[in-house]
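Summary of the model geometry
Below, each chain spelled out in residue letters.
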Amino acid sequence: MSATGIDPTLAAAAKAKGKRPWFYEDPDVERVFNIAMALAMELAVTRQRLDALERLLEERGLLAQADIERFRPAPEAETARQLWNRDYIARVLRVLIQTAQGRSAEAEGVDQAMEAVMDELTRM
Amino acid sequence: MSQVPPSWQHVGRHELFPEAGHDDVARFDFLANLNGFVSGTLAPKVRSAYEQEVKPAFEQEQGRAPRDRHEVRKAMTGNTSYQIWSAARRCSMEMRQQTGRRLVLGQIDALLDKAAKRNAEPGLKLDPHIQQPRYAAAVDIHCMPGGYHSELTANDISAGANYDCGIFATTGGMLGRYNDGGGQALARWLQREHADFKPKRILDIGCTVGHNIVPLAQAFPEAEVIAVDTAAPVLRYGHARARSMGVDNITFRQASGEQLDYPDGHFDLITTSMFWHETSAKALPRIMNEIHRLLAPGGLTVHLEQPQYHEGMDPFEQFMRDWDAFNNNEPFWSVMHSYHLGDMMRAAGFSDDEYFETGIRAWVDADIFPEAGKGEEDYGRSAQWTAFGAWKEAA
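Cut-offs and rules
Residues numbered from 1 in each chain as written. Chains lettered and ligands numbered in written order. Predicted model: local features only at pLDDT ≥ 70, side-chain atom pairs only at ≥ 80, totals over all residues. pLDDT = per-residue confidence, 0-100. Contact = placed C-beta atoms within 7 Å. Helix = DSSP H or I, 4+ residues; strand = E, 2+ residues; numbered from the N terminus. Expected span 1.5 Å × (residues − 1). Buried ≥ 20, exposed ≤ 12 C-beta atoms within 10 Å, placed from the backbone. Pairing = 2+ DSSP bridges. Axes fitted to C-alpha atoms, helices over the stretch in contact; angles between N-to-C directions.

1. So, the confidence of the model for chain B
Residue and element names in this part refer to chain B. On average, chain B scores 93 in pLDDT, and the residues at 70 or more come to 95%. Across residues 372–376, where pLDDT falls below 50, the model places 15 contacts with residues more than four positions away in sequence or in other chains. Interface predicted TM-score (ipTM) for the complex: 0.85; the corresponding pTM is 0.91.

Rendered as structure tokens:
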């Protein structure tokens, strides 16, 4: 922690003085876009870091980058990696999965408005 | 193979420059490429949307083309290509600020120490009585949280360090390693066109971190240079930066260009760089009057500014250049760039015979940036400027 008492995380995220323009009709769309761009940047950072790692390993004779291109996981590893992919997609797209489930649940009458459930459960 | 910006690893490092790790460099590299995508891929779509959809619709309805940038702006509101370009441009700017501030504030103690050591050397004159002018404090200029002036801690330099470390990414390296392409170009222009001119006293107004005055101080090592700004954090950083680069003939003074305490005719050369659009309609003539008063007979005043909206400039082009005024906290940009520069100078007392205007490009290290200065126009962010000013008639 800095002797100044500045919290770099929050201070760096500060807003500039001046009303912010939102360009899309729905500012929520733009907020999601901004989060996606931040994720894109951090993914780029990770890719660059990985690239640096591979090049350093190659320079030191521990690995040739071509080894990575030629890498064929053994059956067990292949399954684990594909399962990871499946899991990853569900993590990232959770909201789409849940939206679809919500539509069905509503259509089937499983999901009702919370007020309706409250009414039902608070009725004496 | 399309052109890519140079990696931020080539940025000019001096003692005050924040230390950066792998991920910091990668973030700035991402941002430089994102900016390239926004200006190179998204911005042309805005033009085609205007030409193919918005302008024909306007003409259909009004029986004429849009007359000025304001009509274009109204017509473009809600256009999808414009929204996409704008949202991405604004987002990129905010990410750049966060990236720079996180880098700087994460090592603030070390930077404050380095600055304090350098600033113990002579050449920094702060004045706590200087009030921030309204034009500097009404909004945070180009979305830098806290502007040039806010202090997060005693003897703060973070605004200067953040400003200095991000320009390279925002401009894709087009201003050179030390972001000093403007000052370098000015120094070279003087050497080439006016080799006999040897100013003894030089004044730079609105110097921020001094990046554009350092090359002039180096070109005229015998000269006494005064660099003024109203904001203390950038002056502290700028002074320490210049000192660490071995430049000791600049005094960084906290003062307003609207009113300086030097006698009439005190300076042989008075400069500003990318300054006027960050002032106001009230302050600009006052500062220009001060320049006329302070300039010695036979002296030169010269200013670098982004291009004016000259008559005949396509209203769409003006609208695109106006983006920063409305969307990047540059409230005087639009009006300032519609001023007639010659009239501006004449109002302060310079005659038409004394006045000149020319175009100038940033001068950058060609070994590292072979393509710098040749890139896409980025509507006011490119390193191509108007140089205007006056030679004051000798007495």
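2. Things to note about the interface of chain B and chain A
The interface of chain B with chain A comprises 27 residues on the first partner and 27 residues on the second. Elements represented by at least two residues in the side of chain B that touches chain A include exactly α1 (22–62), α3 (80–105), α4 (108–119) and α12 (323–327) of chain B. Here the side of chain B that touches chain A gets nine residues from one element, more than from any other, and that element is α3 of chain B.

3. So, helix α2 (residues 27–59) of chain A
Counted at 1.5 Å a residue, the expected span for α2 of chain A with its 33 residues is 48 Å, and the 48 Å between its end C-alpha atoms agrees. Count one or two residues on from α2 of chain A and you reach Gly-61 of chain A, which has phi positive near 75 degrees.

4. Looking at unusual backbone geometry
Residues and elements named next belong to chain B. The phi angle at Thr-208 is positive, at roughly 45 degrees, despite the residue not being glycine. Tracing the chain through its elements places Thr-208 in the loop between β2 (201–205) and α8 (214–219). On the basis of neighbour count, Thr-208 is assigned to the buried category, with 26 C-beta atoms found within 10 Å. A positive phi angle, close to 50 degrees, is found at Asn-329, a residue other than glycine.

5. Considering the environment of Leu-16 of chain B
Residue and element names in this part refer to chain B. Residue position: Leu-16 is located in the segment before α1. With 24 C-beta atoms counted inside 10 Å, the residue Leu-16 sits in the buried group. As a C-alpha pair, Leu-16 and Asp-113 span 97 residues in sequence and 9.7 Å in three-dimensional space. In contact with Leu-16, not counting residues within four places along its chain, are Leu-111, Lys-114, Ala-115, Ala-161, Tyr-237, Ala-240, Arg-241 and Ser-244.

6. What to know about the sheet that holds strand β6 (residues 295–305) of chain B
Residues and elements named next belong to chain B. Read across the sheet, eight strands follow the order β1-β4-β3-β2-β5-β6-β8-β7 without closing on themselves; strand pairing throughout is mixed. Each edge of the open sheet is held by one strand with a lone partner, namely β1 (124–125) and β7 (355–361). Of the pairings in the sheet, the one linking strand β5 (residues 267–273) to β6 comprises six bridges and is parallel in character. What sits directly across from Ile-270, in β6, is Thr-301. Seen against the sheet, helix α9 (residues 232–244) touches β1, β3 (224–229) and β4 (250–254) and runs at an angle of roughly 170 degrees to β4. Strands β2, β5 and β6 of the sheet are contacted by helix α10 (residues 283–294), whose axis makes an angle of about 145 degrees with β6.

7. Details of the pairing of strand β8 (residues 384–391) of chain B
Residue and element names in this part refer to chain B. In this structure, β6 lies alongside β8, joined through six bridges in antiparallel fashion. Looking at β8, one finds that Leu-304 is bridged to Ala-387. Pairing between β7 and β8: seven bridges, direction antiparallel. When the bridges of β8 are listed, Ile-360 appears paired with Trp-385.

8. A look at the environment of Gly-12 of chain B
All names here are of chain B. Checked against the element boundaries, Gly-12 lands in the segment before α1. Look at Gly-12 and you get partly exposed, because 16 C-beta atoms sit within 10 Å. Sequence-wise, Gly-12 and Met-93 are 81 residues apart; in three dimensions their C-alpha atoms are separated by 21 Å. Beyond its immediate sequence surroundings of up to four residues, Gly-12 is in contact with Arg-177 and Tyr-178.

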